[in-house]
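A look at the structure
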Amino acid sequence: MVKKSRRRIVAILASTALVSAGMTGAAAANERDQLAPPNSAAGPYVDPEAQLAEVRAAQLHADGRWAGSADPGKKALHPESREDLYPKFTDVQLAARVAEDQKRRAKAPAPDPDAGEVVATELVAEGLRVDIYTPPPGMSPEYLADILRKQGKKGIEVVKYGKATAMAPGDCAYGSARSFTCPVAFWTNNGFEDPLVRFNDHTPAQWPVTNAVYKWNQTPNIDSAYRFNSCPFQAGARCVDVVNANYGAVWTGRWSGFFPTATQSGPYRENGQVIQLNDYYTPAGWTRNNTITHEMGHALGLGHNVYSNDVMYYQANMREDIGGENPVLLASIYSIYR
Ligand SMILES: [Zn+2]
């Protein structure tokens with residue numbers, strides 16, 4: 001090693017069966033829809049598991065193309081990075097951003113003790129599969145967990161604020177930022193000075209993946225690169241696919257990936273990480289930019305920030321920038337060459 005929401009109302013439970021049908025129409029009108037309105041342009045329902053399997057199979061192709069990709073439009077023209085506009089943070093800039101985080105946090109509402117996300121872990125042939133589900137604003141993690149269990153997901157667990165606060169400081173925490181797991185999860189250098197994570201975007205313009213990649217690439221010691229529907233083999237680099245569809249009234253975003261062993265920490269498995277972004281909801285009190293930035297934070301090694309206005313806070317919110325403590329914690333995780 002070299003140093004370098006509110007709770008859901010019970011009546012909603014009755015509508016669970018509509019979830020897998022990609023529900024629309026009068027029968028679907030309920031409180032949840034008022035809290036997080038459906039998107040009239042969401043397109044037909046897509047089974048997230050079937051799509052995931054398809055994307056993972058496409059990852060095995062050398063060029064990273066996936067037949068389900070959106071029309072690239074202007075996205076195809078975006079470069080891998082914009083270090084002219086989003087240069088790596090310097091130590092001085094990071095210190096200023098951390099001070100700003102601390103000032104904001106002092107004035108922010110206390111984290112909601114009922115807020116949380118849902119994590120699924122399952123030992124499969126590829127290793128330990130881990131999924132993290134972000135509930136839309138207004139949906140409790142317990143309610144989301146019930147939906148997922150009814151859909152047949154295994155190893156479902158609700159992860160709340162209390163668990164994150166119990167994490168030890170050091171490698172796993174900085175201020176209110178938390179690592180994905182403790183001991184930390186990380187990408188290996190694979191011969192690069194800094195690990196290189198290429199986000200292979202397959203989504204239309206409404207999902208601002210480009211912007212989120214450029215922001216995260218400001219983090220020292222780990223590099224994020226943008227690609228549209230193309231991720232050709234590059235020794236030591238890896239591809240994390242980003243896809244979208246209408247997955248129904250469930251979560252806003254899902255990160256899914258593997259650890260090579262039964263342990264949920266240590267190096268991520270090189271292949272199989274996919275971010276899925278749900279077209280079902282119309283943003284209200286949250287933004288799509290926040291959702292993609294949040295899921296990408298998981299892909300890089302971050303867990304949930306316990307500051308209620310942070311992009312890595314459990315429930316989607318209005319914050320879209322990566323803050324100061326998140327990049328400091330990541331920079332610390334990747335300060336070791338391994
Ligand atoms: Zn999350």
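Residues numbered from 1 in each chain as written. Predicted model: local features only at pLDDT ≥ 70, side-chain atom pairs only at ≥ 80, totals over all residues. Heavy atoms only, no water.

If you look the protein chain up in an unreviewed UniProt entry, it shows as Peptidase M10 metallopeptidase domain-containing protein from [Actinomadura] parvosata subsp. kistnae.

1. Considerations on the packing of helix 7 (residues 209-216) against helix 8 (residues 288-300)
Formally: Here an axis means a line fitted to C-alpha atoms, over the contact stretch when the element is a helix, while the angle between two N-to-C directions is reported on a 0 to 180 degree scale. Secondary structure elements follow DSSP: runs of H or I no shorter than four residues count as helices, runs of E no shorter than two count as strands, and numbering proceeds from the N terminus. Under this scheme an angle from 65 to 115 degrees is roughly perpendicular, one under 35 degrees roughly parallel, and one over 145 degrees roughly antiparallel; angles in between are oblique. It is the rotation of the near helix from the far one that decides the hand of a crossing: anticlockwise by less than a right angle makes it left-handed, clockwise makes it right-handed. Pairs of residues are marked as contacts when any of their non-hydrogen atoms sit within 4.5 Å. Just so you know the grouping, Ala, Val, Leu, Ile, Met, Phe, Trp, Tyr, Cys and Pro go in nonpolar, Asp, Glu, Lys and Arg go in charged, and all remaining residues, Gly too, go in polar.
Two elements in contact, helix 7 and helix 8, have axes whose closest approach is 9 Å; the angle formed by their N-to-C orientations is 45°. By the criterion of interaxial angle, the relationship of helix 7 to helix 8 is oblique. Regarding helix 7 and helix 8, the two cross each other, and that crossing is right-handed. Side by side, helix 7 and helix 8 meet where V209, N211, A212, V213, K215 and W216 of the first sit next to N289, I292, T293, M296, G297 and L300 of the second. Here the residues of the contact of helix 7 with helix 8 sort into seven nonpolar, four polar and one charged.

2. Quick look at the coordination of the zinc ion
What counts is decided by this rule: Coordination partners: N, O, S within 2.8 Å of the metal, 3.2 Å for Na, K and Ca; water not considered, so apparent gaps in a site are possible. Only protein chains enter the accessibility calculation, which uses a 1.4 Å probe. A residue is then buried if its area is under 20% of the maximum for its type, exposed if over 50%, and partly exposed in between.
The protein atoms donating to the zinc ion are E117 (OE), E117 (OE), H294 (NE2), H298 (NE2) and H304 (NE2), with metal-donor distances spanning 2.0 to 2.7 Å. Mapping the donors of the zinc ion onto the primary sequence gives the spacing E-x176-H-x3-H-x5-H. Residues H298 and H304 agree in their burial class; the two are buried.

3. Looking at the environment of P232
Within the fold, P232 resides in the loop between strand 9 (223-228) and strand 10 (238-245). Aside from chain neighbours lying at most four places away, what touches P232 is A62, D63, R198 and R227.

4. With respect to the packing of aromatic side chains
Let me state the cut-off plainly: Between the rings of Phe, Tyr and Trp (Trp by its six-membered ring), a pair exists once the centres lie within 6.5 Å; its type follows the angle of the planes, with under 30 degrees stacked, over 60 edge-to-face, and the other angles tilted. In this scheme, the term charge over a ring applies when either NZ of a lysine or CZ of an arginine sits within 6 Å of the ring centre and within 35 degrees of the ring normal.
For the coordinates displayed, the defined rule picks out ten aromatic pairs. Members of the aromatic cluster, connected to one another through ring pairs, are F180, W187, W255, F259 and Y268. Here R269 stacks its cationic end above the ring of F258, 5.3 Å away from the centre of that ring. Over the face of the ring belonging to F186 we find R338, whose NZ or CZ atom lies 3.9 Å from the ring centre.

5. Describing the side chain of K153
The condition that has to hold: Two N or O atoms count as a polar contact when they lie within 3.5 Å, although within protein this holds only if one can serve as hydrogen donor and the other as acceptor, and sequence-adjacent residues are included solely when both atoms are side-chain atoms.
Structurally, the position occupied by K153 is in the loop between helix 5 (141-150) and strand 4 (156-160). You can call K153 buried: its relative accessible area is 14%. Here the side chain of K153 touches D131 through a polar contact of 2.8 Å, side chain to side chain. Once residues within four sequence positions are removed from consideration, K153 is found in contact with E49, A120, R129, D131, Y133, L148 and R254.

6. Describing the sheet that holds strand 4
Going by this rule: For two strands to count as paired, DSSP must find a minimum of two bridges between them.
Taken in spatial order, the eight strands line up as 4-2-3-11-13-10-8-9 in an open sheet, and their pairing is mixed. Of all the strands in the sheet, the pair left with one neighbour each is strand 4 and strand 9. Between one strand and the next, the sheet's axes are offset by a mean angle of 20°, whatever the strand orientation. Sheet analysis places strand 10 next to strand 13 (residues 274-278), joined by five bridges and oriented parallel. Its bridge partner lying in strand 13, N244 is registered against L277.

7. Focus on the state of the cysteines
Applied cut-off: Only a pair of cysteine sulfur atoms within 2.5 Å qualifies as a disulfide here.
Counting across every chain of the model gives two disulfides. With a sulfur-sulfur separation of 2.0 Å, C172 is cross-linked through a disulfide to C182. Looking down the S-S bond of the C172 and C182 bridge, the torsion is 85°, so its handedness is right-handed. With a gap of ten residues between them, C172 in the loop between helix 6 (161-165) and strand 5 (173-174) and C182 in the loop between strand 6 (177-178) and strand 7 (185-186) connect regions that are remote in the sequence. Overall, the relative accessible area of 5% leaves C172 in the buried class. C182 gets classed as partly exposed once you look at its relative accessible area, which sits at 38%. Sulfur-sulfur distance for the disulfide between C231 and C239 comes to 2.0 Å. On the sign convention where negative is left-handed, the bridge of C231 and C239, at about -95° about the S-S bond, is left-handed. By the burial criterion, C231 is buried, and C239 matches it.

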